[in-house]
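Below are the chains, spelled out letter by letter.
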Amino acid sequence: MRIDILTLFPESFKPFQESIISRAQEKGALSINVSNIRDFSKDKHKKCDDTPFGGGAGMVMSAQPVFDAVKSVSSPNSKVIYPSPGGKVFNASIAKRLAQENHLIFICGHYEGIDQRLIDIFNAEEISIGDYVLTGGEIPTMVIVDSLSRFVPGVLSQDSLVEESFSNGLLEYPQYTRPQVFEGLSVPEVLLSGNHKEIAEFRFKESLKKTKLVRPDLIKGDKFEN
Ligand code: ADE
(Lines give C-alpha, C1' and ligand atoms only; values in the text may rest on other atoms or scores of the structure.)
Protein backbone atom coordinates (compact mmCIF):
# COMPACT_ATOMS: atom_id res chain seq x y z
CA MET A 1 0.00 0.00 0.00
CA ARG A 2 1.14 3.53 -0.77
CA ILE A 3 0.41 6.36 1.68
CA ASP A 4 1.04 10.02 0.88
CA ILE A 5 0.97 12.53 3.72
CA LEU A 6 0.60 16.23 2.87
CA THR A 7 1.63 18.51 5.71
CA LEU A 8 3.13 21.89 6.62
CA PHE A 9 5.32 20.05 9.18
CA PRO A 10 7.04 17.08 7.47
CA GLU A 11 9.47 16.65 10.39
CA SER A 12 6.56 15.49 12.57
CA PHE A 13 6.59 12.15 10.76
CA LYS A 14 10.10 11.12 11.87
CA PRO A 15 8.65 8.41 14.18
CA PHE A 16 7.66 6.46 11.02
CA GLN A 17 11.40 5.88 10.48
CA GLU A 18 11.38 3.64 13.59
CA SER A 19 10.17 0.21 14.58
CA ILE A 20 7.33 -1.75 12.92
CA ILE A 21 6.32 0.93 10.41
CA SER A 22 9.91 1.36 9.26
CA ARG A 23 10.39 -2.43 8.91
CA ALA A 24 7.11 -2.65 6.95
CA GLN A 25 8.54 -0.10 4.50
CA GLU A 26 11.83 -2.01 4.19
CA LYS A 27 9.86 -5.22 3.49
CA GLY A 28 7.89 -3.39 0.79
CA ALA A 29 4.48 -3.92 2.46
CA LEU A 30 4.08 -0.17 2.89
CA SER A 31 5.46 2.95 1.24
CA ILE A 32 4.95 6.18 3.16
CA ASN A 33 5.83 9.47 1.45
CA VAL A 34 5.64 12.85 3.17
CA SER A 35 5.32 16.09 1.12
CA ASN A 36 5.47 19.69 2.29
CA ILE A 37 2.32 21.60 1.25
CA ARG A 38 4.31 24.87 1.39
CA ASP A 39 6.44 23.70 -1.57
CA PHE A 40 3.28 23.95 -3.72
CA SER A 41 2.28 27.49 -2.74
CA LYS A 42 2.26 29.94 -5.68
CA ASP A 43 2.28 32.91 -3.31
CA LYS A 44 5.54 34.86 -3.41
CA HIS A 45 5.94 34.44 0.36
CA LYS A 46 4.87 30.75 0.20
CA LYS A 47 1.77 31.64 2.26
CA CYS A 48 -0.65 28.73 2.71
CA ASP A 49 -3.48 30.31 4.74
CA ASP A 50 -5.89 33.24 4.65
CA THR A 51 -8.70 34.83 6.67
CA PRO A 52 -12.13 33.14 6.54
CA PHE A 53 -14.86 34.56 4.30
CA GLY A 54 -17.71 35.70 6.54
CA GLY A 55 -15.30 36.64 9.32
CA GLY A 56 -14.40 34.88 12.53
CA ALA A 57 -11.29 33.94 14.45
CA GLY A 58 -8.23 32.24 13.01
CA MET A 59 -7.05 31.36 9.54
CA VAL A 60 -8.12 28.81 6.94
CA MET A 61 -5.69 26.76 4.83
CA SER A 62 -5.95 28.04 1.26
CA ALA A 63 -7.22 25.79 -1.51
CA GLN A 64 -4.43 26.31 -4.09
CA PRO A 65 -1.36 24.81 -2.32
CA VAL A 66 -3.31 21.83 -0.96
CA PHE A 67 -5.05 21.26 -4.34
CA ASP A 68 -1.70 21.20 -6.18
CA ALA A 69 -0.12 18.97 -3.50
CA VAL A 70 -2.94 16.40 -3.83
CA LYS A 71 -2.77 16.54 -7.65
CA SER A 72 0.99 15.93 -7.56
CA VAL A 73 0.56 12.54 -5.84
CA SER A 74 -2.91 11.39 -6.88
CA SER A 75 -3.55 8.37 -9.07
CA PRO A 76 -6.83 6.95 -10.48
CA ASN A 77 -7.33 4.73 -7.43
CA SER A 78 -6.28 7.05 -4.62
CA LYS A 79 -8.56 7.88 -1.70
CA VAL A 80 -8.24 11.19 0.15
CA ILE A 81 -8.56 11.33 3.95
CA TYR A 82 -8.93 14.57 5.90
CA PRO A 83 -8.47 14.07 9.68
CA SER A 84 -10.75 16.55 11.37
CA PRO A 85 -12.73 16.82 14.61
CA GLY A 86 -15.78 17.16 12.33
CA GLY A 87 -15.42 13.65 10.92
CA LYS A 88 -16.85 10.27 11.90
CA VAL A 89 -15.05 8.77 14.90
CA PHE A 90 -12.21 6.39 14.02
CA ASN A 91 -12.29 2.76 15.17
CA ALA A 92 -10.82 -0.67 14.29
CA SER A 93 -13.39 -1.39 11.59
CA ILE A 94 -12.56 1.88 9.76
CA ALA A 95 -8.84 0.95 10.09
CA LYS A 96 -9.53 -2.46 8.48
CA ARG A 97 -11.54 -0.90 5.66
CA LEU A 98 -8.81 1.68 4.88
CA ALA A 99 -6.15 -1.07 4.95
CA GLN A 100 -7.80 -2.56 1.82
CA GLU A 101 -7.11 0.56 -0.29
CA ASN A 102 -4.18 0.78 -2.74
CA HIS A 103 -3.34 4.41 -2.16
CA LEU A 104 -4.31 6.81 0.62
CA ILE A 105 -3.61 10.54 0.65
CA PHE A 106 -3.81 12.32 4.02
CA ILE A 107 -4.25 16.10 4.22
CA CYS A 108 -3.03 17.47 7.56
CA GLY A 109 -5.05 20.55 8.39
CA HIS A 110 -4.01 23.45 10.60
CA TYR A 111 -5.50 26.60 12.04
CA GLU A 112 -9.30 26.58 11.51
CA GLY A 113 -9.05 23.79 8.92
CA ILE A 114 -8.94 23.65 5.12
CA ASP A 115 -11.13 25.32 2.49
CA GLN A 116 -14.33 23.21 2.22
CA ARG A 117 -14.02 23.07 -1.59
CA LEU A 118 -10.98 20.76 -1.21
CA ILE A 119 -13.13 18.27 0.71
CA ASP A 120 -15.82 18.54 -1.99
CA ILE A 121 -13.48 18.30 -5.01
CA PHE A 122 -11.57 15.27 -3.72
CA ASN A 123 -14.56 13.67 -2.00
CA ALA A 124 -12.33 13.46 1.07
CA GLU A 125 -13.40 11.23 3.95
CA GLU A 126 -13.32 13.21 7.19
CA ILE A 127 -12.18 11.18 10.20
CA SER A 128 -11.95 12.30 13.83
CA ILE A 129 -9.80 10.43 16.35
CA GLY A 130 -11.99 11.49 19.27
CA ASP A 131 -14.17 14.19 20.74
CA TYR A 132 -11.45 16.72 21.46
CA VAL A 133 -9.60 19.26 19.33
CA LEU A 134 -5.89 18.97 18.55
CA THR A 135 -3.69 21.76 17.18
CA GLY A 136 -3.23 20.10 13.80
CA GLY A 137 -3.84 17.02 11.67
CA GLU A 138 -0.36 15.49 12.07
CA ILE A 139 -1.02 13.50 15.26
CA PRO A 140 -4.43 12.22 14.04
CA THR A 141 -2.79 11.20 10.74
CA MET A 142 -0.12 9.28 12.64
CA VAL A 143 -2.75 7.56 14.76
CA ILE A 144 -4.82 6.53 11.72
CA VAL A 145 -1.80 5.46 9.61
CA ASP A 146 -0.23 3.47 12.46
CA SER A 147 -3.48 1.72 13.26
CA LEU A 148 -4.48 0.82 9.67
CA SER A 149 -0.91 -0.30 8.83
CA ARG A 150 -1.31 -3.17 11.29
CA PHE A 151 -4.03 -4.60 8.99
CA VAL A 152 -1.99 -4.29 5.79
CA PRO A 153 -0.82 -7.79 4.79
CA GLY A 154 2.86 -8.34 5.59
CA VAL A 155 3.11 -5.67 8.30
CA LEU A 156 2.36 -7.86 11.36
CA SER A 157 2.17 -11.59 11.96
CA GLN A 158 -1.48 -12.58 11.51
CA ASP A 159 -1.48 -14.17 15.03
CA SER A 160 -1.03 -10.79 16.69
CA LEU A 161 -4.24 -9.60 15.04
CA VAL A 162 -6.46 -12.54 16.00
CA GLU A 163 -6.33 -11.98 19.76
CA GLU A 164 -6.23 -8.26 20.30
CA SER A 165 -8.57 -5.73 21.82
CA PHE A 166 -11.68 -5.18 19.63
CA SER A 167 -11.01 -8.17 17.33
CA ASN A 168 -13.84 -10.07 19.10
CA GLY A 169 -15.62 -6.95 20.35
CA LEU A 170 -13.97 -7.21 23.79
CA LEU A 171 -10.91 -5.65 25.40
CA GLU A 172 -7.86 -7.88 25.55
CA TYR A 173 -7.11 -10.16 28.53
CA PRO A 174 -4.08 -9.40 30.75
CA GLN A 175 -0.65 -10.66 29.68
CA TYR A 176 2.26 -11.86 31.85
CA THR A 177 5.85 -12.87 31.20
CA ARG A 178 8.82 -14.03 33.30
CA PRO A 179 9.51 -13.89 36.23
CA GLN A 180 6.70 -16.02 37.67
CA VAL A 181 6.67 -13.91 40.87
CA PHE A 182 7.35 -10.16 40.72
CA GLU A 183 7.18 -7.87 43.77
CA GLY A 184 5.31 -10.65 45.56
CA LEU A 185 2.65 -10.93 42.81
CA SER A 186 2.28 -14.34 41.11
CA VAL A 187 1.16 -15.08 37.58
CA PRO A 188 -2.34 -16.71 37.63
CA GLU A 189 -1.83 -20.49 38.17
CA VAL A 190 -3.92 -21.51 35.14
CA LEU A 191 -1.45 -19.85 32.72
CA LEU A 192 1.27 -22.25 33.92
CA SER A 193 -0.97 -25.34 33.55
CA GLY A 194 -0.38 -26.00 29.84
CA ASN A 195 -4.15 -26.74 29.61
CA HIS A 196 -5.10 -24.77 26.47
CA LYS A 197 -8.84 -25.09 26.97
CA GLU A 198 -8.68 -23.77 30.55
CA ILE A 199 -6.32 -20.99 29.50
CA ALA A 200 -8.71 -19.92 26.71
CA GLU A 201 -11.66 -19.94 29.19
CA PHE A 202 -9.69 -17.91 31.74
CA ARG A 203 -8.69 -15.36 29.12
CA PHE A 204 -12.24 -15.01 27.80
CA LYS A 205 -13.58 -14.46 31.36
CA GLU A 206 -10.90 -11.84 32.06
CA SER A 207 -11.71 -10.07 28.76
CA LEU A 208 -15.39 -10.01 29.61
CA LYS A 209 -14.75 -8.80 33.19
CA LYS A 210 -12.51 -5.96 31.99
CA THR A 211 -14.88 -4.92 29.20
CA LYS A 212 -17.88 -4.82 31.60
CA LEU A 213 -15.89 -2.67 34.01
CA VAL A 214 -14.10 -0.28 31.64
CA ARG A 215 -16.20 -0.23 28.43
CA PRO A 216 -19.73 -1.51 29.17
CA ASP A 217 -20.86 0.36 26.01
CA LEU A 218 -19.02 -2.24 23.89
CA ILE A 219 -21.26 -5.08 25.06
CA LYS A 220 -24.61 -3.34 25.55
CA GLY A 221 -27.34 -5.49 24.05
CA ASP A 222 -24.64 -7.90 22.85
CA LYS A 223 -24.44 -11.71 22.92
CA PHE A 224 -22.09 -11.48 25.95
CA GLU A 225 -24.58 -9.60 28.12
CA ASN A 226 -26.53 -11.53 30.72
N1 ADE B 1 -7.67 17.73 14.05
C2 ADE B 1 -7.84 18.41 15.20
N3 ADE B 1 -8.49 17.68 16.11
C4 ADE B 1 -8.73 16.46 15.52
C5 ADE B 1 -9.37 15.26 15.95
N6 ADE B 1 -9.91 15.13 17.16
N7 ADE B 1 -9.43 14.23 15.09
C8 ADE B 1 -8.90 14.36 13.85
N9 ADE B 1 -8.31 15.46 13.38
C10 ADE B 1 -8.22 16.51 14.21
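Residues numbered from 1 in each chain as written. Predicted model: local features only at pLDDT ≥ 70, side-chain atom pairs only at ≥ 80, totals over all residues. Heavy atoms only, no water.

Section: the pattern of salt bridges
Summed over the entire model, instances satisfying the criterion amount to 11 salt bridges. Of the charged contacts, one joins E11 and K14 as a salt bridge, the two residues approaching to 3.1 Å between their closest N and O atoms. Among the residues examined, E11 registers a relative accessible area of 58% and is labelled exposed. A relative accessible area of 47% places K14 in the partly exposed class. Between R117 and D115 there is a salt bridge, with its nearest N and O atoms 2.7 Å apart. For D115, a relative accessible area of 16% corresponds to the buried category. Linked through salt bridges whose partners overlap, the residues forming this network are K79, K88, R97 and E125. (Salt bridge = Lys/Arg side-chain N within 4 Å of Asp/Glu carboxyl O. Buried < 20%, exposed > 50% of the residue type's maximum accessible area, 1.4 Å probe, protein only.)

Re the side chain of S207
Mapped onto the secondary structure, S207 falls in helix α7 (residues 196–214). The exposure class assigned to S207 is buried, which follows from its relative accessible area of 4%. Reaching out from S207, the side chain makes a polar contact with the backbone nitrogen of Y173 at a distance of 3.4 Å. Excluding its chain neighbours within four sequence positions, the residues that come into contact with S207 are L170, L171, E172 and Y173. (Helix = DSSP H or I, 4+ residues; strand = E, 2+ residues; numbered from the N terminus. Polar contact = N/O pair within 3.5 Å; in protein donor to acceptor, adjacent residues only side chain to side chain. Contact = heavy atoms within 4.5 Å.)

Focus: helix α5 (residues 138–149)
Its 12 residues give α5 an end-to-end C-alpha distance of 16 Å, which sits within 8% of 16 Å, the value for a rise of 1.5 Å per residue. Of all 12 residues making up α5, 9 are buried, and the element is well covered by its neighbours. Every buried residue of α5 is accounted for by E138, P140, T141, M142, I144, V145, S147, L148 and S149. (Expected span 1.5 Å × (residues − 1).)

Here's the deal with the domain arrangement of the protein chain
A common way to state how big an interface is: give the accessible area lost once the parts meet. With domains assigned, the protein chain is organised as domain 1 (2–149) and domain 2 (163–218). On a C-alpha basis, the centroid separation for the pair domain 1 and domain 2 is 37 Å. (Domains from an automatic or database assignment.)

Digging into the packing of aromatic side chains
Evaluated as defined, the whole model comprises 2 aromatic pairs. Plain terms: the ring middles of F13 and F16 are 6.0 Å apart, the flat faces sit at 40 degrees to each other, and that makes the pair tilted. Across the pair, F16 and F13 agree in class, each one buried. (Phe/Tyr/Trp six-rings, centres within 6.5 Å; stacked < 30°, edge-to-face > 60°.)

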